[in-house]
Amino acid sequence: MSQPTVAIVLTGAAARGAFQAGALSRIAPALERQGLRPSIYLGTSAGAINAALWGSYAHLPAEVAAERVLALWRSMDRKNVYTHPALSLIRDGLRILPGSLLGVGNGLDSLLDTRPLAHTAQESLDTDQIAANVASGAVDAVGVAATRIPPATGKLPTPGDPMDRWHISHTHSVVFLDTTLDASAVADPDRAVRVAPTTIEAAHVLASAAIPVAFPAVEVQSPADYAGWYVDGGVRLNAPLRPAVALGADHLVVIAAHATRYPARTPHLPGDKPDLADSAAMTLHSILADRVIEDLKALRTRNRWLSQGITPTSESGREYHHVALLEISPKPGSLAQLATDVLRSKGRNWWRESDSLALGRLLRGVGAGPGQQELLSYTFFDDEYFSAQIELGIAAADTALAGDWD
């Protein structure tokens, strides 16, 4: 009897990626001891970083790989991701003024300067080893999802110009995938999801993690058919669940940075008027969490049909198969509270912590409630916060391992 195919799917997480790293450091060794070594790693945004890291360490025992991934996350800080916000503010002011006062220039491409993240990726991510591991069979597939920005002319249309020459409304998702498996069913035209067979490069991972507005879009040059500008994959495909199933996974581990089930119905109570942070946090959560929750619900429904002797098929006629499911996610509000607690502990050294305190003041300016804390948990790139997240991830993984596959 052949060994089950185990896939790890890591959702978009922004600054919550250390939670995933902590959870995976517990899950992967436990599965390896059970004879269920993961052979597929797919991720989006910070999940793409974790997927690529584990893909590069697939030739090592899971315990060793876990130690290396955790060491990297514990060493990470704001300085490894973007330059000091004060420097970005000066840069942005010099670029905004010509456009505002003189009507010249191209405007801003992002709020933050993420050249340090590109440097970190080049130093820490061994993409050659990912390719070698896929080729040798140490891992069967490594993939990252990004969102393609349609090309635009950069100028307003003139009378008579066709709208599709400059309009930017229709984006699509691309899964950059290095695999020896049959990937013919990975693309999903109904959801505008395409697959780009390729060796994974740093540009693919950086594109997947390019948080819109905050981070600049990333140019991808290969494969040539998919060259262009990309932003965070979480905009459209926050959890590449369907690609994992299409690659043949029959055991699926989903490690999310947010709740993976809707809360129980609660009574409608009057509350304060939502502030800007509350509205932004709600929008962010809807983009990142709701589609994942619905996809997981659909997967559980198909499993239930199969257990009842019903064999559903896709629109292409492909028969679905049973997929054992294990979900790991933080408790609602836990990472928001953790980020708030860590930030409150800052301030002993104003200059050393000035970037963290400036972020806190900025977010406090747009809200003072739960929404502000939620936004902080996604944007707070801090070593103390990362270390605390790792511990939460480990605890969540232990809880999941104590239960059964769904």
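Everything here concerns the structure above.
We now turn to the structure provided with this report. (Residues numbered from 1 in each chain as written. Predicted model: local features only at pLDDT ≥ 70, side-chain atom pairs only at ≥ 80, totals over all residues. Heavy atoms only, no water.)

1. Some points on the overall build of the protein
Consideration 1: On a plain count of helices and strands, the protein comes out with 13 helices and nine strands.
Consideration 2: Within the protein, buried positions represent 50% of all 406 residues.
Consideration 3: Contacts in the protein between residues at least 24 apart in sequence constitute 76% of all its contacts with a sequence separation of at least 6.
Consideration 4: Here the protein has roughly 19900 Å² of accessible surface; of this, 57% comes from carbon and sulfur atoms. (Helix = DSSP H or I, 4+ residues; strand = E, 2+ residues; numbered from the N terminus. Buried < 20%, exposed > 50% of the residue type's maximum accessible area, 1.4 Å probe, protein only. Contact = heavy atoms within 4.5 Å. Areas by Shrake-Rupley, 256 points an atom, 1.4 Å probe, with all protein chains shown as cover.)

2. Points about the packing of aromatic side chains
Consideration 1: Here the structure, examined in full by the defined rule, presents eight aromatic pairs.
Consideration 2: For the ring pair Tyr-41 and Trp-54, a centre distance of 6.1 Å and an interplane angle of 20 degrees mean the geometry is stacked. In this pair, Tyr-41 sits in strand 2 (residues 40-44) while Trp-54 sits in helix 2 (residues 46-56), placing the two residues 13 residues apart along the sequence. As far as the burial class goes, Tyr-41 and Trp-54 line up, both buried.
Consideration 3: Members of the aromatic cluster, each reached through a chain of ring pairs, are Trp-73, Tyr-82, Phe-215, Phe-380, Phe-381, Tyr-385 and Phe-386.
Consideration 4: Over the ring of Tyr-378 we find Arg-16; its NZ or CZ atom is 4.0 Å from the centre of that ring.
Consideration 5: Taking NZ or CZ as reference, Arg-302 lies 4.1 Å from the ring centre of Tyr-320, over its face. (Phe/Tyr/Trp six-rings, centres within 6.5 Å; stacked < 30°, edge-to-face > 60°. Lys NZ or Arg CZ within 6 Å of the ring centre and 35° of its normal.)

3. Observations concerning the nonpolar core
Consideration 1: One finds Leu-24, Phe-176, Phe-215, Val-253, Ile-328 and Tyr-385 to be the most contacted residues of the largest nonpolar core, which totals 77 residues.
Consideration 2: Counting residues per element, this core draws most heavily on helix 1 (residues 17-33), at eight residues.
Consideration 3: Contact partners of Tyr-385, with chain neighbours within four places excluded, come to Ala-15, Arg-16, Leu-335, Leu-338, Ala-339, Val-342, Ser-377 and Phe-380.
Consideration 4: Counting residues in hydrophobic clusters, the runner-up holds 27 residues, among them Ala-7, Val-195, Ala-244 and Val-254. (Core = buried A, V, L, I, M, F, W, Y, C linked by side-chain atoms within 4.5 Å.)

4. Looking at the pairing of strand 7 (residues 228-232)
Consideration 1: Judged by how many residues are buried, strand 7 sits mostly within the fold: four of five residues are covered.
Consideration 2: Direction of pairing for strand 3 (residues 141-149) relative to strand 7: antiparallel, over a ladder of four bridges. Looking at the pairing, Ala-146 lines up with Asp-232 of strand 7.
Consideration 3: Across three bridges, the pairing between strand 6 (residues 218-220) and strand 7 is antiparallel. Following the sheet pairing, Val-218 is matched in strand 7 by Tyr-230. (Pairing = 2+ DSSP bridges.)

5. Quick look at the packing of helix 1 against helix 2
Any two packed helices are characterised by the angle at which their axes cross and by the distance between the axes.
Consideration 1: It is at 9 Å that the axes of helix 1 and helix 2 come closest, and there the two elements cross at 35 degrees. Helix 1 and helix 2 meet at a crossing whose hand is right-handed. From helix 1, Gly-17, Gln-20, Ala-21, Leu-24, Ser-25 and Ala-28 reach across to helix 2, where they touch Ala-46, Gly-47, Asn-50 and Trp-54.
Consideration 2: When its residues are assigned to classes, the contact of helix 1 with helix 2 shows five nonpolar, five polar and no charged. (Axes fitted to C-alpha atoms, helices over the stretch in contact; angles between N-to-C directions. Left-handed = near helix turned anticlockwise from the far one by under 90°. Nonpolar A, V, L, I, M, F, W, Y, C, P; charged D, E, K, R; others polar.)

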